[in-house]
Amino acid sequence: VPAALLGSALLRRPAALGAAAARCAPARDSHGPPRQGHGGSRAASLHWTGERAVSVLLLGLLPAAYLCPGPAVDYSLAAALTLHGHWGLGQVITDYVHGDVPIKVANTGLYVLSALTFAGLCHFNYHDVGICKAVAMLWSL
Amino acid sequence: MGTTAREEMSRFWEKNSHSNRPLSPHITIYKWSLPMAMSIAHRGTGIALSLGISLFSVAALLLPEHFPHYLAQVRALSLGPALLFSAKFLLAFPFSYHTWNGVRHLV
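On a predicted model such as this, the values are computed, not experimentally measured, just so you know. (Residues numbered from 1 in each chain as written. Chains lettered and ligands numbered in written order. Predicted model: local features only at pLDDT ≥ 70, side-chain atom pairs only at ≥ 80, totals over all residues. Heavy atoms only, no water.)

With that out of the way, let us pick up the interface of chain B and chain A. Counting residues at the interface gives 33 residues for chain B, matched by 36 residues for chain A. Here chain B and chain A share an interface that buries about 3,200 Å² over both sides, 75% of which is from carbon and sulfur atoms. In this structure, the connection of chain B to chain A is made through 1 salt bridge. Note that A:Asp95 is salt-bridged to B:Arg43, the shortest N-O span being 2.7 Å. Our enumeration of links across chain B and chain A arrives at 7 residue pairs in polar contact (both at pLDDT 80 or more). (Contact = heavy atoms within 4.5 Å. Buried area = accessible area lost by both parts, 1.4 Å probe. Salt bridge = Lys/Arg side-chain N within 4 Å of Asp/Glu carboxyl O. Polar contact = N/O pair within 3.5 Å; in protein donor to acceptor, adjacent residues only side chain to side chain.)

A few words now on the packing of helix H4 (residues 100-127) of chain A against helix H2 (residues 34-62) of chain B. At a closest axis distance of 8 Å, the pairing of H4(A) and H2(B) adopts a crossing angle of 60°. As the angle between them shows, H4(A) and H2(B) are arranged oblique. Considering the relative orientation of H4(A) and H2(B), their crossing is left-handed. Taking contact as the criterion, the partners of A:Leu113, A:Leu116, A:Thr117, A:Ala119, A:Gly120, A:Leu121, A:His123 and A:Phe124 in H4(A) are, on H2(B), B:Leu51, B:Ile53, B:Ser54, B:Phe56, B:Ser57, B:Ala60 and B:Leu61. Among the residues forming the contact of H4(A) with H2(B), the class breakdown is 10 nonpolar, 5 polar and no charged. (Axes fitted to C-alpha atoms, helices over the stretch in contact; angles between N-to-C directions. Helix = DSSP H or I, 4+ residues; strand = E, 2+ residues; numbered from the N terminus. Parallel < 35°, antiparallel > 145°, perpendicular 65-115°, else oblique. Left-handed = near helix turned anticlockwise from the far one by under 90°. Nonpolar A, V, L, I, M, F, W, Y, C, P; charged D, E, K, R; others polar.)

Per the UniProt annotation, the sites labelled "binding site: a ubiquinone" (unreviewed entry) are A:Tyr96. Looking at the element boundaries, A:Tyr96 is found in helix H3 (residues 71-96). Among the residues examined, A:Tyr96 registers a relative accessible area of 51% and is labelled exposed. Excluding anything up to four places from it in sequence, A:Tyr96 contacts B:Ile40 and B:Arg43. (UniProt positions renumbered as here; feature names shortened; annotations may be inferred. Buried < 20%, exposed > 50% of the residue type's maximum accessible area, 1.4 Å probe, protein only.)

Between its first and last C-alpha, H2(B) extends 41 Å over 29 residues, near the 42 Å set by a 1.5 Å rise per residue. At its buried positions, H2(B) is contacted by H3 and H4 of chain A together with helix H4 (81-106) of chain B. (Expected span 1.5 Å × (residues − 1).)

Encoded structure:
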C-alpha cells in the first residue's frame, strides 16, 4: 500500500505540472530526458534495471558453465549468484520486514551473509575445484 | 503543495500500527490462483536456493577438507540409485523452476 501511495502521488504531480505548463507557455517544446516526478530520485528505477541486467547475465552464465567450464566462468558465477541472491533477499526483506530498527538489522545481516557467501565462493574457486567442476563432479555420483 | 508522499506514508504507518487493529484474513480466505501460486513458488525457490548457496559457501570456508574428499565419502555410502536420483531432483527442481519462471519475468 505505501508503494502504491507513492506511485500514485508521483503520477498525479507531473500530470498537474504538465497541464499547468501547457496553459502558461504553449509555445515551449520539451526536449531532453523525461522527468520522472516531483523531486524523486532515479535510484529505484536504476536498481530495477540493474536487477534485470544481472539476471540476464546469470542466465547466460549457465550454458557458459556447461560449455566452457573454467576460472573465468567460476568467478563470474560467484559474483552474479551472490549479487542476484543479495538483491532478491533484499526484496523479500523490503516486503515482509517493517519498522526502522528491524529493517536496518535485517539489511545489515543480509550484507554480512552476502559478503560471506561471495568470500566462500571465491575461496572455493581458488583453493578447491571451482563451481563448474564441483557441479559436474556432484552430478557424476 | 501539502504533504509529501513520504510524510503521508509514515503518517499511515504510525496511525495504523498504534491502533493495533486486527489483520483482516487474506491468504486464509482468498481463493488460490495459478499466478499467485507460481509467484510465491518463485520467491520460495529463490530463498531456498540463496540460502543453499550461502550454506555451501560457509561450509567451503569452515570445513577442513576439499570437495573431492567429501564427495568420495558420499560415494562410499553406496546410496541406492533411487535415493541419489531423488536427491538430484530435489536440487535440480527448485533451480529449474526458478530459472524458467525467472525468464518468464524477464520477457
